[in-house]
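# Fold and contact review
So you can see what is in the structure, the chains are spelled out below.
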Amino acid sequence: MPQPQQPSRPQPPLRPVAAPTAASAPASGMASTLEVPPPRSLEETGLGIGFLSDLVMKIMYFEGYISGATIAERIRLPFSGVVDQVLDFLKREQFCEVRSASGGFGEQSYQYAISTKGREKAREALDRSQYAGPAPVPLMVYNQAMLRQSLKNFVVHQRTMRQALSDIVVNDRTFGQIGPAVNSGRSIFLFGPPGNGKTSIAERIGRMVLGGDLLVPYAVEVDSQVVKVFDSVNHQRLPDDTGQLQKARPRDTRWVRIRRPVITVGGELTLESLDLTFDDVNKYYEAPFQMKANGGMFLIDDFGRQQVRPRDLLNRWILPLEKRIDFLTLRTGRKIEIPFDVLIVFSTNLAPKDLVDEAFLRRIRHKIEIGDPSFDEYREIFKRVCETKGVPYDEKALGYLLQEFYIKRRAKLRAVHPRDLVDQLLDIARYMNVEPRLTKDLIDRACQAYFVEL
């Protein structure tokens, strides 16, 4: 396709704005302080006329008749100054034609249709990539935006942390370690026996403490290749600004405002999923987990249970943890650099000595052991569970449970046991058609059904 000569590709502007006041900021977390104004010309999109022409032709190819306004909406770019220029170029090259007006005013209402010549070019473009969604932003602009919305600006204090962890029982020693670890915005290694709340603690950090907003693009362009970033499964989209604020600060709609992401992976994690994934059918890339988690938290749960060897997985993180940058590989072999602005949390039930060596642990900023609860902590957890489940709490009944099923059997206390045992008791009481209470009979039946001698 003929293209005008462009000596260089200007990058669209990014503008920092004043941080939100206490009244406007969210109750917890950090609001985005980034302003991305809409591009006023082709040059300000950061994309070449050839790339945008291919994108528009693919949309026309699939749609048949389509208005200029609808094209602008599909690729998330302004009609005036951008889409109109692309359509003029396509008309000059006889790749499309104007069929009719849809009843509106101006060129936006014109109905466009792809020509026979355009269909051939569109098929060539589809052979290279099936992507026909919102226009991407250049990689350099993405990198700048992530750095300007960095987690290093995030600070949590004791009061916020207490609110975040108010529904779980955490001892003072552990509580005192979690806050500084979150403020580091870097890496946390949670370890200890199963069933004591490591995942629950990590999830509450992500959900409540990192609960600010963030701007991410639908996709990123590099070497005319598309990398999809926005993921409706892992990203929670927020309503766009409306009213006077939207009029005063219109935004480049190639960017989506989301809740700072909290992405969790478990045993399914592989080394391949930590690099760009190329879709052989659709012929574009999907961003890896850590890129989608930029500006938020990436939780590797049940670490050590993955199919890949723990040491190989850990070696993958050495450079990102030290340099705060990551390198991803295109099919061509070219490596691209992206920010690694992620609070990464490793959570494991296995002993650290069986997973990692001293050199790697030195690179993990904070190591926090989540141990078994004390008897007092177990009692507090049990009280809360009974209140939540609607079972009358009985101190003597708890004493019987502890004596018969823990002390006599030298069993370990686990923070998850009260919830599971009360659930067992409720199931049995419902079956027996009796009121759920902490009686010896129901406790015995619940424990016999729950505990297994290993």
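What you see is a predicted model; the values in this text were computed from it and never measured. (Residues numbered from 1 in each chain as written. Predicted model: local features only at pLDDT ≥ 70, side-chain atom pairs only at ≥ 80, totals over all residues. Heavy atoms only, no water.)

### Some points on the overall build of the protein
A tally of helices and strands in the protein yields 18 helices and 19 strands. With 454 residues in all, the protein has 49% of them scored as buried. Taking as baseline every contact in the protein between residues at least 6 positions apart, the subset at least 24 positions apart corresponds to 74%. For the protein, the computed accessible surface area is about 22300 Å², with 48% contributed by carbon and sulfur atoms. (Helix = DSSP H or I, 4+ residues; strand = E, 2+ residues; numbered from the N terminus. Buried < 20%, exposed > 50% of the residue type's maximum accessible area, 1.4 Å probe, protein only. Contact = heavy atoms within 4.5 Å. Areas by Shrake-Rupley, 256 points an atom, 1.4 Å probe, with all protein chains shown as cover.)

### Regarding the side chain of Gln-290
With respect to the helices and strands, Gln-290 occurs in helix H11 (residues 289-292). Given a relative accessible area of 1%, Gln-290 falls into the buried group. Ignoring any residue separated from it by four or fewer positions in sequence, one finds Gln-290 in contact with Leu-274, Phe-298, Arg-316, Trp-317, Asp-326, Leu-328, Phe-340 and Val-342.

### Some thoughts on the nonpolar core
Core analysis: the largest hydrophobic core is formed by 32 residues, its most contacted members being Val-56, Met-60, Ile-75, Val-83, Leu-87 and Leu-90. Every element with two or more residues in this core is listed here: helix H2 (49-63), helix H3 (68-75), helix H4 (79-92) and strand E5 (110-114). In terms of residue count, H2 provides more of this core than any other element does, 8 residues in total. Discounting residues that sit within four places of it in the chain, Val-83 has contacts with Gly-68, Ile-71, Ala-72, Ile-75, Leu-77 and Pro-78. Core analysis: the next-biggest nonpolar cluster, separate from the first, contains 29 residues, Ala-145, Leu-215, Val-229 and Trp-255 among them. (Core = buried A, V, L, I, M, F, W, Y, C linked by side-chain atoms within 4.5 Å.)

### Re the pattern of salt bridges
Using the criterion set out here, one finds 25 salt bridges in the structure. Asp-167 is the salt-bridge partner of Arg-204, the closest N and O atoms lying 2.9 Å from each other. Taken together, the positions of Arg-204 in helix H9 (residues 198-209) and Asp-167 in the loop between helix H7 (158-164) and helix H8 (172-184) put the pair 37 residues apart, joining distant regions of the chain. Overlapping salt bridges bring together Asp-231, Glu-286 and Lys-292 as one network. (Salt bridge = Lys/Arg side-chain N within 4 Å of Asp/Glu carboxyl O.)

### A short note on H3
Among the residues making up H3, those that are buried are Gly-68, Ile-71, Ala-72 and Ile-75. Around the axis of H3, the buried residues are gathered within 100° of arc, so they sit on the same side. The elements touched by buried residues of H3 are H2, strand E3 (66-67), H4 and E5. Where H3 ends, the next residue or the one after it, Arg-76, has phi of about 60°, a positive value. (Arc of directions from axis to C-beta.)

### Digging into the packing of aromatic side chains
For the structure shown, the criterion picks out 14 aromatic pairs. Between Phe-189 and Phe-191, the aromatic rings sit 6.1 Å apart at their centres with planes inclined by 45°, giving tilted as the arrangement. Summarising the aromatic geometry, the rings of Phe-303 and Phe-346 are spaced 5.3 Å apart at their centres and angled 65° between planes, so their arrangement reads as edge-to-face. Taken together, the residues Phe-303 in the loop between strand E15 (297-300) and helix H12 (310-315) and Phe-346 in strand E18 (residues 343-348) connect sequence positions 43 residues apart. (Phe/Tyr/Trp six-rings, centres within 6.5 Å; stacked < 30°, edge-to-face > 60°.)

### A few points about the packing of helix H16 (residues 395-407) against helix H18 (residues 440-450)
Remark: H16 packs on H18, axes separated minimally by 10 Å, with the N-to-C direction vectors making an angle of 40°. Between H16 and H18, the angle falls in the class oblique. The chirality of how H16 crosses H18 is right-handed. Only Lys-440, Ile-443, Asp-444 and Cys-447 of H18 make contact with H16, whose side of the interface consists of Ala-397, Tyr-400, Leu-401 and Phe-405. Partitioning the contact of H16 with H18 into residue classes produces 6 nonpolar, no polar and 2 charged. (Axes fitted to C-alpha atoms, helices over the stretch in contact; angles between N-to-C directions. Parallel < 35°, antiparallel > 145°, perpendicular 65-115°, else oblique. Left-handed = near helix turned anticlockwise from the far one by under 90°. Nonpolar A, V, L, I, M, F, W, Y, C, P; charged D, E, K, R; others polar.)

### Focus on unusual backbone geometry
The phi dihedral of Arg-324 falls on the positive side, at around 65°, and the residue is not glycine. Mapping Arg-324 onto the fold places it in the loop between helix H13 (318-323) and strand E16 (325-329). Look at Asn-433: it is not a glycine, yet its phi comes out positive at around 60°. Structurally, the position occupied by Asn-433 is in the loop between helix H17 (417-432) and H18.

### Things to note about the sheet that holds strand E9 (residues 219-222)
Backbone hydrogen bonds hold the strands of a sheet together, and the pairing may be parallel or antiparallel. Spatially, 5 strands are ordered E6-E9-E10-E14-E13 in an open sheet, and the strand pairing comes out mixed. In this open sheet, the two strands that pair with only one neighbour each are strand E6 (137-138) and strand E13 (277-278). Pairing geometry for strand E10 (residues 225-228) and strand E14 (residues 285-286), over 2 bridges, is parallel. Paired with Val-227 across the two strands is Tyr-285, which belongs to E14. (Pairing = 2+ DSSP bridges.)

### Brief notes about the sheet that holds E15
With parallel pairing, the 5 strands of this open sheet are ordered in space as E12-E15-E18-E7-E19. Since the sheet does not close on itself, it has two edges, and those belong to strand E12 (262-265) and strand E19 (366-369), each with one partner. In this sheet, adjacent strand axes meet at a mean angle of 15° when their direction is disregarded. Across 4 bridges, strand E7 (residues 187-191) lies against E19 in parallel orientation. Along E19, the bridge assignment pairs Phe-189 with Lys-367. Sheet contacts for H8: E7, E18 and E19; angle to E19, the most-contacted strand, approximately 155°.

### A short note on the confidence of the model for the protein
Looking at the protein, pLDDT values average 87 and 89% of them are 70 or higher. When the criterion is pLDDT under 50, residues 1-8 qualifies, and its contacts beyond four places in sequence or with other chains add up to 14 contacts. For the stretch residues 16-29, pLDDT sits under 50, and the model shows 24 contacts to residues farther than four places along the chain or on other chains. (pLDDT = per-residue confidence, 0-100.)

### Some details on the environment of Gln-236
Within the secondary structure layout, Gln-236 lies in the loop between E10 and helix H10 (243-248). We classify Gln-236 as partly exposed; its relative accessible area is 49%. In the structure, Gln-236 is positioned 20 residues away from Val-256 in sequence and 9.8 Å away in space, judged by C-alpha atoms. Once you skip the residues sitting within four places of it in the chain, Gln-236 turns out to touch Arg-257, Ile-258 and Arg-259.

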